[in-house]
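Below are the chains, spelled out letter by letter.
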Amino acid sequence: MHLLLVDGSAYIFRAFHALPQLSRKSDGLPVGCVQGFCNMLFKLTEDLKGEDEPTHMAVIFDAKGKTFRDDVYTEYKAQRPPAPAELVPQFPLTRSATRAFNIPSIEMEGWEADDIIATYARLAREAGGKVTIVSSDKDLMQMVEPDGSIRMLDTIPRPGQPPLRWIGVEEVFSKFGVTPDKVIEVQALCGDSVDNVPGVPGIGVKTAAELINTYGTIENLLDHVDEIKQNARREKLRDNADLARISKQLVTLSQTVPVELDVDALARQPIEPGKLFPFLKAMEFATITKRLATHLDANPDDFAADPELAAKTAPGAVGFDNAARAEARAARQEATGRSNASTVAHAADMHAQTRAIPFKPEAYEIIRDTEHLQRWIDAAYSVGHVATDTETTGLDNQTADLVGISFSTAPGNGAYLPLGHTQGEGDIFGGGLAEGQMDIRVALDMLRPLFADRSILKIFHNAKYDLGLLARYDVPVHSIDDTLLLSYSLDGPQFNTMSELGEHWLGHPGQSIKDLIGSGKGQKTFAQVSIEDGARYAAEDSDMTIRLWRVLKPRLVAENMTTLYETIERPLAPVLARMEGRGVNIDRQILSRLSGEFAQRAAAFEAEAHELAGQSFNLGSPKQLGEILFDKMGLEGGTKTKTGAWSTGADVLEDLALKGIPLARTIVDWRQLNKLRGTYTDALPDYINERTKRVHTTYSQHSVLTGRLSSNDPNLQNIPVRTADGRKIRTAFVAAPGKVLISADYSQIELRVLAHIADIQALKDAFEEGLDIHAMTASEMFGVPVEGMPSDVRRRAKAINFGIIYGISAFGLANQLGIGRGEAGDYIKTYFERFPGIRAYMDEQKRRVKADGFVSTIFGRKINFPNANSHNPSERAFVERASINAPIQGSAADIIRRAMIRMEPELAKAKIDADMLLQVHDELIFEVPEGTQDQAIPVIKAVMEGAAEPAVRLTVPIQVDAHAANNWDEAH
DNA sequence: GCAAGGACGTA
DNA sequence: GTACGTCCTTGCA
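Residues numbered from 1 in each chain as written. Chains lettered and ligands numbered in written order. Predicted model: local features only at pLDDT ≥ 70, side-chain atom pairs only at ≥ 80, totals over all residues. Heavy atoms only, no water.

## With respect to the overall build of chain A
The condition that has to hold: In this text, helices come from DSSP runs of H or I with a minimum length of four residues, and strands from runs of E with a minimum of two, each type numbered from the N-terminal end. By definition, residues are in contact when any of their heavy atoms lie within 4.5 Å.
The number of helices and strands found in chain A is 39 helices and 20 strands. Across chain A, the fraction of contacts at a sequence separation of at least 24, relative to all contacts at a separation of at least 6, is 69%.

Below is the structure:
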């Protein structure tokens, strides 16, 4: 007997994640995983021949509902995100597929598929049979037998790997570092974040294997825990002994499930065309139908599609309700003239096709002369596009030097043009250019026309970097695509790096830069890498870029994201590149003077703190401070953080100070000064670029969930403004000689956006009339007239307005205002009564995020929340709040992005010489020649205020305030 | 040398 | 209550 047990549920999930199948039925229902599943069943019967041919077969699924593990540990699998909407309708269809192939489909309430599989495997083995478990799930690896009587078989399609991959003792060992009989011990120690098996915190697979190989079992390990030398490890094991024991229960498969069918009942039955073809036809699987018709020597035309299945599959699945589908189809048809199904199918085709093309590093070329370079330029002209990537000596494109450029015109090809590789020792005397490289001036002269040519698309990954760098070499670039921004437009910030994208979409992470240049102290620059090694890496980068482009670009149309990408993301990148390139002028003297002042005042606070504490300690250590306040001084009311340390945040210290603990106030003051010194006055001067004498931040266009930018190295979006000391730092941001700074900021943009989206007439009227919005809110809520309103009343209303934008909770509002939760709840209730549209808006966002897994901005940006249906209540509540905030924050972010894109051409049209330097979410900073500010400001304001148009006609006025001054503090 | 956690700067 | 990035300490490799 040879029993083949297919882990059906795991197959669907893994197939989906390994290779998102985009194929759909003509009605839009996703069926890619069902298709893959049918292919696999067919392939198994085809490929397993001779001694591997199974005599018995079953497909096992997870049943809905609880299992015994939920009783052992309530958090078990609690973190698991809900199945993707695309997958949900495919679960029942896979069971139908199994029956259509005349194979028993088994699932049992209260048991996981793994337990049933383990049970059958045991029964078959006891009967002297052989077992093959079709799964790659690590949880089943404990079943593998060294004598080969139980093996696993991984059938998930992965490019570049054989279709069937056996998993025996060796493969288990390489995964867990132990033999299969010890797998549960290792799993119990290291835990599993996906299934929420706790394990012992801080212990990973490596450490677990090491421990188990020494001590054999968890129990024996716990008996000998005193022998562990590493302090932290020993204590963790001691403290978490029970967690380890519970974890072992969770990961140990039951082999005694009371199965209904005995093993003999699983004997293989011949496929019955009368069952099979009606199913395949209902699924519209033409290729499989043809193959099986040949295989069975049957005529599919003799059978009609199963009417029940064909009908049942259409509507109702989460995320695919009819209205949404019709809307999406209409938008797509409008955009392209192609039908929904065909654009989706095209995207899926391109993906499958691209993914199947193997990588051939040996095919990559190295360009060393003009003829060779010309051939590649010609190739770019003949196909009309080229993926390209610059290699440089560093991550900062304002200081890095160009080392080489790579190209690819089609998946699988690639070339590297080395320009700045050095040779010999990397010291200041050795080196010099390595042999066999084109002269950089000659090469760039040849490339300039190509990069500037608007008829040839240059495809980058993170174009902003290359654009900024090439600009320094006088190489302007026109007509670009950017795979990073394609990915961001489609999927948000979930994948960032080339290797993550490559891994996900191509099944190929690509060479890691670390392997090439190392990391940390011994790190080399790309210039020190050999030309040959550099070429393999660089050419592959361009090769991957063009592949990702082929996969992602068709998805824009299929998923209705073309407008977002083409009108916002792509045009913004060059704008940001120029802003980064301009930098901002900073007065080193002012910062250095402030640094001295802050240091001196901080030192006084430090001495005072030591005095008050009666001992010397490190004020920068929350740990030491907590011990002094709550252990030594024995103060009441201390709270602990999630890791068990004393909480010493500013709010806690503020409370203590009010209770008459002077030390608390001293610490707060010290921390503030120290923060200003460490993060700003000391750090900023080091960012002044030697070449430009200015500070160049780097914006990230693809990092923020809601569509905002972020700024780093240095972060110029968090320069202090709230305190007087903090504002002194802003005075160091000065205009260049002969120029002034203009700061233009949107007034209450998020509340205005809220008024528009949620359609709150009272708010809109208030904005229309130019009222003080917080005072108006206070007046509505508390019945206090705006005239002579106490500042505290306005302050509360302001907090509530912000609370609404953040997805208010009574808990949070109470915290913010220092009032009781009941009172905060009453405020919220009153607010909802006064502005009933707000509640409707919030409910709608919550409904959408649960149904679709995303919410949208008014410009069509999608913000994904994969955890919207999490089993964890606090996580769910978090997603609810974030889904309320995201369309507001995101729509405001879209508006300023649009303003930035339009700003330069509008200024040029008005013949105004103004340089846009910085963006701080609702504020833009410009530098203009002194005396021209009065001409510049009206244009800037007009562009910003009208930025939503014509895409969206806002039903509230947008107001921008702008001022000019010599420094940022005064301009703001 | 690196990762995690706490704290804190901004909108 | 939303969204970020940076500095510092701590603990481990």
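Structure shown, so let's carry the discussion forward.
## Some remarks on empty space enclosed by the protein
Definition in use: Each cavity reported here is a set of points on a 1 Å grid over the protein atoms alone in which a 1.4 Å probe fits but cannot get out, each pocket an open set with protein on both sides within 12 Å along at least five of seven lines, and each lining residue one with an atom within 4 Å of a point. Grid points are joined across faces, edges and corners, and a volume is the space filled by probe spheres set on the points.
In the structure shown here, the tally under the stated rule is two cavities of 30 Å³ or more. Considered as a void within the structure, the largest cavity measures approximately 60 Å³ in volume. Taken together, Asp7, Ala10, Tyr11, Arg14, Val134, Ser135, Ser136, Asp137, Leu153, Asp154, Thr155 and Ile156 make up the lining of the largest cavity. Listing elements by their share of the lining of the largest cavity, those giving two or more residues are helix 1 (8-18) and strand 5 (150-154).

## Quick notes on the sheet that holds strand 8 (residues 385-392)
We count it as follows: Only strands that DSSP links by at least two bridges are regarded as paired with each other. Here an angle of 0 to 180 degrees is reported between the N-to-C directions of two axes, which are lines fitted to C-alpha atoms, with helices fitted over the stretch in contact.
Sheet architecture is open: six strands sit in the order 7-10-9-8-11-12, paired in mixed fashion. Only two strands of the sheet have a single neighbouring strand rather than two, namely strand 7 (365-366) and strand 12 (480-482). In this sheet, strand 11 (residues 457-460) lies alongside strand 8 in parallel orientation, the contact comprising three bridges. Pairing of Ala387 across the sheet is with Ile459, part of strand 11. Each of strand 8, strand 9 (402-408), strand 10 (415-418) and strand 11 is contacted by helix 18 (residues 440-452), which is oriented at about 45 degrees to strand 9, the strand it contacts most.

## Digging into the protein's contact with DNA strand C
Spelled out, the test is: One heavy atom within 4 Å of a molecule or strand is enough for the residue carrying it to be called near that molecule or strand. Definition of a polar contact: a pair of N or O atoms within 3.5 Å, with one able to donate and the other able to accept a hydrogen when the atoms are protein atoms, and with sequence-neighbouring residues admitted only if both atoms are side-chain atoms.
Taken together, 34 residues lie around DNA strand C, and Ala232, Ser621, Ser710, Asp713 and Phe811 are the ones closest in. A breakdown of the atoms of DNA strand C within 4 Å of the protein gives sugar and phosphate a share of 75%. One of the side-chain nitrogen or oxygen atoms of Ser621 is found 2.7 Å away from a phosphate oxygen of DNA strand C. Contact distances for DNA strand C include 3.2 Å between a phosphate oxygen and a side-chain N or O atom of Gln624. Mapped by element, the contributors of at least two residues to the surface near DNA strand C are helix 10 (231-239), helix 26 (622-632), helix 28 (662-681), strand 14 (710-712), helix 33 (791-805), helix 34 (810-817) and helix 37 (873-909).

## Structural notes on the protein's contact with DNA strand B
Contacts to DNA strand B come from 24 residues, most closely from Thr641, Thr643, Thr648, Val721 and Arg722. Take the atoms of DNA strand B that sit within 4 Å of the protein: sugar and phosphate atoms are 80% of them. Here Thr641 contributes a side-chain N or O atom positioned 2.4 Å from a phosphate oxygen of DNA strand B. Broken down by element, the residue count for the surface near DNA strand B peaks at four residues, all from helix 28.

## Here we look at the confidence of the model for chain A
The test is simple: A residue's pLDDT is the confidence the predictor assigns to it, expressed on a 0 to 100 scale.
The predicted model of chain A has a mean per-residue pLDDT of 90, with 94% of residues at 70 or higher. This stretch, residues 312-339, has a pLDDT under 50; its non-local contacts, to residues over four places away or in other chains, come to 39 contacts.

## Points about helix 36 (residues 836-852)
Rules: Each residue after the first adds 1.5 Å to the expected span of a helix. Burial classes follow relative accessibility: with a 1.4 Å probe on protein chains only, a residue under 20% of its type's maximum area counts as buried, one over 50% as exposed, and anything between as partly exposed. Taken from the helix axis, the directions to the C-beta atoms give the arc we talk about.
Taking 1.5 Å per residue, 17 residues should reach 24 Å; helix 36 reaches 24 Å between its end C-alpha atoms and fits that length. Within the sequence span of helix 36, burial applies to Ile838, Tyr841, Met842, Gln845 and Val849. Viewed along the axis of helix 36, the buried residues span an arc of 95 degrees, placing them on a single side of the element. Gly853 occupies a position one or two residues after helix 36 and carries a positive phi of about 80 degrees.

## A look at the nonpolar core
Cut-off, in case you're wondering: Residues enter a nonpolar core if they are buried and are Ala, Val, Leu, Ile, Met, Phe, Trp, Tyr or Cys, with the set joined through side-chain atoms within 4.5 Å.
Counting residues in each nonpolar core, the largest one holds 143 residues, and the members touching the most others are Tyr746 and Met900. If you tally residues by element for this core, the top one is helix 37, at 10 residues. One finds Ile150, Ala208, Ile212 and Ala244 within the second-largest nonpolar core, a separate group that totals 56 residues.

## Considerations on the packing of aromatic side chains
Keep this limit in mind: Two aromatic rings, drawn from Phe, Tyr or Trp (for Trp, its six-membered ring), form a pair once their centres lie within 6.5 Å of each other, and the interplanar angle then sorts them: stacked below 30 degrees, edge-to-face above 60, tilted otherwise. A ring is scored as having a charge over it whenever the NZ atom of a lysine or the CZ atom of an arginine sits within 6 Å of its centre and within 35 degrees of its normal.
In this structure the tally under the stated criterion is 11 aromatic pairs. In textbook terms, an aromatic cluster arises when at least three aromatic residues are bridged by ring pairs, as seen for Tyr11, Phe37 and Phe61. One cation-aromatic arrangement involves Arg95 over Phe61; the distance from NZ or CZ to the ring centre is 4.3 Å. Here Lys640 stacks its cationic end above the ring of Trp646, 4.6 Å away from the centre of that ring.

## Section: the pairing of strand 11
Note the cut-off: With strands facing away from the observer, any crossover in which the path from the first strand over the helix to the second runs clockwise is taken as right-handed.
Judged by which residues are buried, strand 11 turns out to be covered on both faces: Leu457 and Ile459 on one side and Lys458 and Phe460 on the other are all buried. The pairing of strand 11 with strand 12 spans three bridges and is parallel. Paired with Phe460 across the strands is Asp482, a residue of strand 12. Following the backbone out of strand 11, through helix 19 (residues 463-472) and into the adjacent parallel strand 12, one traces a crossover that is right-handed.

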